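# Tertiary structure, described
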Amino acid sequence: MSNYTLSDAFTIFYNAKKSEGVRTRTAQVYIINWGYFTDWLAEDCLINTITAAKIREYVNFMFDKTKFSNATDGRKSSDTLAAQTIITRLMTIRTIFNFLAGENYIVTNPVAKIKLPRYDRKEKITFIDDDVRKLLGAPDTDTPTGLRDRTLMILLADGGFRIQEALKLTTELLDIKARCIHLPGSMNKNRKPRVVPLSQGTVRELLALIKRNKTYFETEYIFLSKKGDPLKADRFRKSLNEYAIKVGVDPKLAYPHQFRSYFCTAYLLNGGDLFTLQRIVSHADIETTRSYVRVNDEHVRDQHTQFSPLVRLVHCLHPQKKCDQ
């Protein structure tokens, strides 16, 4: 059996994945996370010399490493890497070594018995209704930029789109009569086509933006920059942060994916069923959808008042007595 260096082995893996048609973004993640590992090793050693002990040593290093510790632009932080970041990097290493073992490029698979680290999960916090109302009121809709940003926020909150999906939308994907957007498989993370229903108000907002776009530009894209090019996600992120500061919404929440989280959470709290939501937002795993079954404190109190056996018992014994809520 031939023995390959780390760089040779990665080239073999990368070419195989490209031939399988992995998305460019996924391929880039492989490159970045493998780069973190090989930078830590600091040598292009033979792939068969990598052991489980060495990989565990790398995991421990990541848990102790502070953010930006290798940065050369002056950035500093006392925070360590997030557990999910460490897990993502480790999963890339597992994917690569599992491939190499399956293709018989290595004798022993060093990740065969490596378990993903356990970590304390934090409650995810997303927008509440008042946050969304404030953000929607922030842009100046008398300007093309303000109209665009408000319409984009409305679309994200009404359809649970990923930001990259929304920014790639063209007019031909909008079905006005059916009040929906048809997303082809090429635009979906799981590569399957999906239909995203929209409220009538969202359709009206989209049509108003499209009409204004056609006044200045010849393009089928819906969300445009000032120059008429498709809007970049980073530009919208910056604007969203500015709007949040302007209206008093926590800037730490002000990033596009929060609208998707808000949609999923609100959809379930308002009585929507889990499986329909999974189909709308295109989650491959129902457990991902289930993770949005989160309720805020006010909802918990309301549900307790409605379903507590003691509250119902008091009403039965004293029909005229109102329980202290």
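My aim in this report is to walk through the structure given alongside it, one point at a time. (Residues numbered from 1 in each chain as written. Predicted model: local features only at pLDDT ≥ 70, side-chain atom pairs only at ≥ 80, totals over all residues. Heavy atoms only, no water.)

Moving on, we get to the overall build of the protein. A tally of regular secondary structure across the protein gives 14 helices and three strands. Every one of the 325 residues in the protein was classed for burial, and the buried ones make up 38%. Summarising the internal contacts of the protein: among those between residues at least 6 apart in sequence, 57% fall at separations of at least 24. A total accessible area of about 19800 Å² is found for the protein, and carbon and sulfur atoms account for 51% of it. (Helix = DSSP H or I, 4+ residues; strand = E, 2+ residues; numbered from the N terminus. Buried < 20%, exposed > 50% of the residue type's maximum accessible area, 1.4 Å probe, protein only. Contact = heavy atoms within 4.5 Å. Areas by Shrake-Rupley, 256 points an atom, 1.4 Å probe, with all protein chains shown as cover.)

Quick look at the pattern of salt bridges now. For the structure on display, the rule yields nine salt bridges. Between Glu-220 and Lys-214 there is a salt bridge, and its shortest N-O distance comes to 3.9 Å. We classify Glu-220 as partly exposed; its relative accessible area is 42%. Its relative accessible area of 48% is what places Lys-214 among the partly exposed residues. Between Arg-237 and Asp-234 there is a salt bridge; the shortest N-O distance is 2.6 Å. (Salt bridge = Lys/Arg side-chain N within 4 Å of Asp/Glu carboxyl O.)

This part covers a nonpolar patch on the surface. On the surface, Ile-31, Ile-32 and Tyr-36 cluster together into a nonpolar patch covering about 240 Å² of accessible area. Examined against the element boundaries, Tyr-36 turns out to sit in helix H2 (residues 24-41). The class for Tyr-36 is partly exposed, based on a relative accessible area of 36%. (Patch = residues over 30% accessible without salt bridge, like charges linked within 9 Å, V, L, I, M, F, W, Y side chains within 5 Å.)

Further remarks concern unusual backbone geometry. With phi around 65°, Ala-42 is a residue other than glycine that occupies positive phi space. On the secondary structure map, Ala-42 appears in the loop between H2 and helix H3 (52-64). Here Arg-179, not a glycine, exhibits a phi torsion of approximately 55°, which is positive. Along the chain, Arg-179 falls in the loop between strand S1 (174-175) and strand S2 (180-183).

All told, the structure shown has 16 aromatic pairs when counted by the stated rule. Aromatic pair Trp-40 and Phe-61: ring centres 6.1 Å apart, planes at 35°, arrangement tilted. A residue pair is termed long-range when its members are at least 10 positions apart, and Trp-40 in helix H2 and Phe-61 in helix H3 qualify at 21 residues. On the accessibility criterion, Phe-61 (33% relative accessible area) is partly exposed. Chaining the aromatic ring pairs together yields one cluster made of Phe-10, Phe-13, Tyr-14, Tyr-30, Trp-34, Phe-37, Trp-40, Tyr-58, Phe-61, Phe-97 and Phe-99. Sitting above the plane of the Tyr-36 ring, Arg-89 keeps its charged end 3.8 Å from the centroid. (Phe/Tyr/Trp six-rings, centres within 6.5 Å; stacked < 30°, edge-to-face > 60°. Lys NZ or Arg CZ within 6 Å of the ring centre and 35° of its normal.)

Moving on to the side chain of Thr-265. Mapped onto the secondary structure, Thr-265 falls in helix H10 (residues 257-269). We classify Thr-265 as buried; its relative accessible area is 9%. Of note is the side chain of Thr-265, whose polar atom sits 2.9 Å from the backbone oxygen of Ser-261. (Polar contact = N/O pair within 3.5 Å; in protein donor to acceptor, adjacent residues only side chain to side chain.)

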